[in-house]
Amino acid sequence: MQRPSVFSLLLLLSTSSTGEAQWSSIALQAESERTVGDDIQLGWEAIEHTLSSPARWNADDWFTFAVVSSTTVASVTFEESVRDVFQAATSDVGDALERVGYWYGSPVFTVPFTVTTYTAGVLFDSDSVRDTGLMMAESLLLVALIQQPLRIVAGRARPHLGLGHLAFRPFTLDGDYASFVSGHAWSAFGISNILARQIDRWWASIGLYALAGIAGLGRMYSDSHWLSDVLVGGASGYFSSTTLWNWHNERAGSEAVSSSLQDATWLYVTFRF
């Protein structure tokens, strides 16, 4: 009896010892199409995971947190001297670099750049580019959810007011009292970290982290933030985006192992011979 050749490599044959024919079934998986709604849900899951991540920290994570925290606290003791150094080192080159860093960490650049990256990934059917845009969007959303309320609650006076580094006016919407923490540093390090990990080239990493560093230093150069503001902002951007990136990659690896069975449509083909 002739068998249909289209199924020749797919059939799982099973025959009893008496030679009686048995049924064989094949599950053909139809991959579900990825939608923007899926990405929105995925992004929110990533953010929830990142916000709750301290509850899952291990000893190494807590050690890193202790080092960053102690470094930040220590910086408070000499950040006024650092401010004096920056204010005495103004130059045309410094002014130009400050502008580069300002725009790189500004929502005026980061938001359109993120939207453009994600949209390009969708239009050109590139999951890598699409995922990059999604992760950058998640990183920026964390800035909105954490950094923006925190700066209002803290109400730390900006350096250019001349009130000193320990001047606070909590729960104010006055932009002159929005120094802690640096949103530019947070955004710049978050974006750079995700891009560097996605591109995965040493030269790209050097350039991207240099841009993030310029953004942070530029905020002190412009007398907009204290050293501790920039340290907390930069560390928050780097570590939160690292958590986001790890979560996405672990999830992708898990899906690969399970052959993307979740949310699949199945077609069962059965025949007898």
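**Points about the packing of aromatic side chains**
Okay, step 1: Following the criterion strictly, the structure yields eight aromatic pairs and no others.
Okay, step 2: Seen from their ring centres, Trp57 and Trp62 are 4.7 Å apart, and the 75 degrees between their planes marks the pair as edge-to-face.
Okay, step 3: Judged by its relative accessible area of 28%, Trp57 falls in the partly exposed class.
Okay, step 4: Judged by relative accessible area, Trp62 falls into the partly exposed class, the value being 41%.

**A closer look at the nonpolar core**
Okay, step 1: Tyr104, Met136, Ala188, Ile191, Leu195 and Leu208 are the most contacted members of the largest nonpolar core, which totals 14 residues.
Okay, step 2: Mapped by element, the contributors of at least two residues to this core are helix 6 (127-154), helix 7 (183-199) and helix 8 (202-221).
Okay, step 3: Among the elements that make up this core, the one with the highest residue count is helix 7 (five residues).
Okay, step 4: For Leu195, the contacting residues outside a window of four places in its chain are Tyr104, Phe113, Thr132, Met136 and Leu208.
Okay, step 5: Residues Ile47, Leu134, Leu142 and Leu244 belong to the second largest nonpolar core, which totals eight residues.

**Overview of the confidence of the model for the protein**
Okay, step 1: Per-residue pLDDT for the protein has a mean of 86; in total, 81% of the residues score no lower than 70.
Okay, step 2: Taken as a whole, residues 1-31 scores under 50 in pLDDT and shows 45 contacts with residues more than four places along the chain or in a different chain.
Okay, step 3: The low-confidence segment residues 259-273 (pLDDT under 50) makes 36 contacts with residues lying over four places distant or belonging to another chain.

**Considering helix 4 (residues 92-105)**
One turn of the α-helix equals 3.6 residues, which is why residues spaced by three or four share an orientation.
Okay, step 1: The end-to-end C-alpha distance of helix 4 is 20 Å, a good match for the 20 Å that 14 residues give at a rise of 1.5 Å each.
Okay, step 2: Along helix 4, the residues classified as buried are Gly94, Glu98, Gly101, Tyr104 and Gly105. All buried residues of helix 4 project into a common sector of 130 degrees when viewed along the axis, lining one side.

**Considerations on a nonpolar patch on the surface**
Okay, step 1: A contiguous nonpolar patch, built from Trp44, Leu51, Leu141, Leu145 and Ile146 and spanning about 420 Å² of accessible area, is present on the exposed surface.
Okay, step 2: Listing elements by their share of the nonpolar patch, those giving two or more residues are helix 1 (36-51) and helix 6.
Okay, step 3: When residues of the nonpolar patch are assigned to their parent elements, the largest contribution, three residues, is made by helix 6.
Okay, step 4: Inspection of the secondary structure assignment puts Leu51 in helix 1.

Quick notes on the rules
Residues numbered from 1 in each chain as written. Predicted model: local features only at pLDDT ≥ 70, side-chain atom pairs only at ≥ 80, totals over all residues. Heavy atoms only, no water. Phe/Tyr/Trp six-rings, centres within 6.5 Å; stacked < 30°, edge-to-face > 60°. Buried < 20%, exposed > 50% of the residue type's maximum accessible area, 1.4 Å probe, protein only. Core = buried A, V, L, I, M, F, W, Y, C linked by side-chain atoms within 4.5 Å. Helix = DSSP H or I, 4+ residues; strand = E, 2+ residues; numbered from the N terminus. Contact = heavy atoms within 4.5 Å. pLDDT = per-residue confidence, 0-100. Expected span 1.5 Å × (residues − 1). Arc of directions from axis to C-beta. Patch = residues over 30% accessible without salt bridge, like charges linked within 9 Å, V, L, I, M, F, W, Y side chains within 5 Å. Areas by Shrake-Rupley, 256 points an atom, 1.4 Å probe, with all protein chains shown as cover. Salt bridge = Lys/Arg side-chain N within 4 Å of Asp/Glu carboxyl O.

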